[in-house]
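Observations on chain architecture
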Amino acid sequence: MEKRPVRFFNTTGPCNPWDHYMLPPEERLIGSQLHRYLRDNLYWVLHAPRQTGKTTFLQNWARNINAEGSMVACYVSVEECRAISDSDKAMKSIYYSICGFAERQDITIPVLEDKDSEGIVGRTLTKWAKMVGPKPLVIFFDETDVLSGEPLLSFLAQLRAGYANRGAGKFPISVSLVGVRDIKDYLFTVRGGVPNPGSFFNIKADSVLLGNFSKNDIERLFAQRADETGQKITADAIDFVYDQSRGQPWIVNSLLQRATMRVLDEGCYDTVTLQIVLQARKQMVLARETHLDSLAARLEDTRVRQIVEKLMTGESDPALSEGDAFRYCLDLGLVSMERGTPQIANPIYRETLARVATFGAQSAIAEPEWRWQNDDGTLDMDALLKEFQKFWRANSEIWEQKMNYTEAFPHLLLQAFLQRVLNGGGHIDREYAAGRARMDLAVEYKEKIYIIEIKLIYDYISPQTVREDGLTQIRRYRDTINSTAPAYLVVFDRRSPKKKAPWDERIKWDIEGGITILGC
């Protein structure tokens, strides 16, 4: 196909080189041996979070294999099998998916006279391999993690049955199973309802991960646009895109697409500056696009909620990263390990998750009728936080019973209150990770920064220790943001006896060393 004169940064569906700016996805494969999978007739697994480039890679590689001419390669998505629990129906659905995707790729496939569901996938692959022989057949099965239970077991069993006889004219020489999770992490429910952890795909040679962009990748990606249009991007804008995305491909493309086609007019090729990318970020978060919305919807999953809550509170839990819940969040791309510390994968996800978790509370908070701005229009943070103390006193005990996040409730309610008052006029940057025992907020309003740190007192730690640690930590955090910014340490006493104490003993306001300390 002919390349369009000016391509664009793609955020919907697979990328192709004639419409979209793109880098070869195979450059980001971790632990792969692509040449061996074809040369040595190997079966393998590819897993990565959604919208990172898996489908783009598979379709491009299939095109390249077919263009070379010595093999026949076909990409097949089994997504239509989602939620099909009946094995017979699922196998027929996979058969029709194979036929449909082969036709779309102009690949001839034999028609089965006997369409009985028993062994239909294996029979199809056997007959297909024989038809295209002496050329070897290669199949990429995408979205295989939509299968579960008996349908998954049946599908894998048919691949295993043909594996020993694989070869040109006999059975596909190489098969890849592709999805969000590594197949070894699936939990199968076998007959009788007994959970059986492990892999039934024991013929795989490799489990390959598709990684994120590096900062250099982002520079190379935008360089393609610079070559086409002459448009430039500043170094600090590139740094910001990488910092906010941590290289997550969809976020990178979304920020660059919005910067070049929405903040700037589509035909405008002015230099993309940091301020332009900042506007693009704000648009993206407020738009709640499908990628962010679907990720946020995962908060309904108890596995995700328990991990996110511990990260929000900064709880130190040595078992946090060991269980299936954390591995599941890793596979989703929701969390990452940075220098050995579990945390939310990037600042965009941190803000999105916090906004979703606080949306109900924020909507229920009345529009402020009290003064929260100074005469010059700047934020009166003292007045705002004093009002929050009143709000906490009046509502916290009732609202806590209604929110899903008991441990993170103080953090979320304060953020909901701030977000409601600022109402889009300001911005909140959030820092939280496991083991930090705090959440840091940097509130920006009319180009002025305010630092807030949230700490919790529990029965096992003294209030004085929490206070001293908090003062040290907030000074350190403020120095990394703006050393002259007003700083507030907000301490919530979560000890059981203290919750029963009179409110006049619990609500406090103090100043030490230039830091305002609030007791709640």
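Residues numbered from 1 in each chain as written. Predicted model: local features only at pLDDT ≥ 70, side-chain atom pairs only at ≥ 80, totals over all residues. Heavy atoms only, no water.

1. Focus: the overall build of the protein chain
Looking only at helices and strands, the protein chain features 18 helices and 16 strands. With respect to the three principal axes, the spread of C-alpha positions in the protein chain is 85 × 65 × 35 Å. In the protein chain, 69% of the contacts between residues at least 6 apart in sequence involve partners at least 24 apart. Working note: accessible area of the protein chain is about 23,300 Å², and carbon and sulfur atoms make up 48% of it. Here the protein chain contributes 66 positive and 70 negative side-chain charges, whose respective centroids are spaced 2 Å apart. (Helix = DSSP H or I, 4+ residues; strand = E, 2+ residues; numbered from the N terminus. Contact = heavy atoms within 4.5 Å. Areas by Shrake-Rupley, 256 points an atom, 1.4 Å probe, with all protein chains shown as cover. Lys, Arg positive; Asp, Glu negative; His and termini not counted. Charge placed at Lys NZ, Arg CZ, Asp CG, Glu CD.)

2. Considerations on the pattern of salt bridges
Inspection of every chain in the model, using the stated rule, returns 34 salt bridges. A salt bridge links aspartate 217 to arginine 220; the nearest nitrogen and oxygen atoms lie 3.0 Å apart. In this pair, aspartate 217 and arginine 220 both sit in helix H6 (residues 215-229), three residues apart, roughly one turn of the helix. A residue is classified by how much of its surface remains accessible, and aspartate 217, at 11% relative accessible area, is buried. Given the relative accessible area of 31%, arginine 220 is considered partly exposed. (Salt bridge = Lys/Arg side-chain N within 4 Å of Asp/Glu carboxyl O. Buried < 20%, exposed > 50% of the residue type's maximum accessible area, 1.4 Å probe, protein only.)

3. Brief notes about the layout of surface pockets
Here the largest pocket is characterised by a volume of approximately 1,100 Å³. For the largest pocket, the lining is made up of 39 residues, of which Phe240, Arg281, His427, Asp429 and Glu444 are closest to its centre. Secondary-structure elements contributing two or more residues to the lining of the largest pocket are helix H7 (235-245), helix H9 (274-287), strand E10 (341-344), helix H13 (347-364), strand E11 (426-431), strand E12 (439-445) and helix H16 (463-481). The element that contributes the greatest number of residues to the lining of the largest pocket is H9, accounting for seven residues. Across the lining of the largest pocket, the residue classes break down as 14 nonpolar, nine polar and 16 charged. Quantified by volume, the second largest pocket comes out at close to 890 Å³. Around the second largest pocket sit 37 residues that line it, and Gly13, Arg50, Gln51, Thr52 and Gly53 are the ones nearest its centre. If you list the elements that add at least two residues to the lining of the second largest pocket, you get helix H2 (54-68), strand E3 (72-77), helix H8 (249-263) and helix H10 (290-297). (1 Å grid on protein atoms, 1.4 Å probe; cavity = no way out; pocket = protein on both sides within 12 Å on 5 of 7 lines; lining within 4 Å. Points joined across faces, edges and corners; volume = space filled by probe spheres on them. Nonpolar A, V, L, I, M, F, W, Y, C, P; charged D, E, K, R; others polar.)

4. Description of the sheet that holds strand E13 (residues 448-457)
Strand order in the open sheet formed by six strands is E11-E12-E13-E14-E16-E15, with mixed pairing between adjacent strands. The outermost strands of the open sheet, each flanked by one partner alone, are E11 and strand E15 (508-512). Going from strand to strand, the sheet's axes swing by 20 degrees on average, the running direction of each strand aside. With seven bridges connecting them, E13 and strand E14 (residues 487-493) associate as parallel partners. Across the sheet, residue isoleucine 452 finds its bridge partner in E14, namely tyrosine 488. (Pairing = 2+ DSSP bridges. Axes fitted to C-alpha atoms, helices over the stretch in contact; angles between N-to-C directions.)

5. Some thoughts on a negative patch on the surface
A contiguous patch of negative charge, built from Asp86, Asp88, Glu113, Asp114, Asp116 and Glu118, is present on the exposed surface. Tracing the backbone through its elements, the reader meets glutamate 118 in the loop between helix H3 (87-104) and helix H4 (120-132). Given the relative accessible area of 61%, glutamate 118 is considered exposed. (Patch = residues over 30% accessible without salt bridge, like charges linked within 9 Å, V, L, I, M, F, W, Y side chains within 5 Å.)

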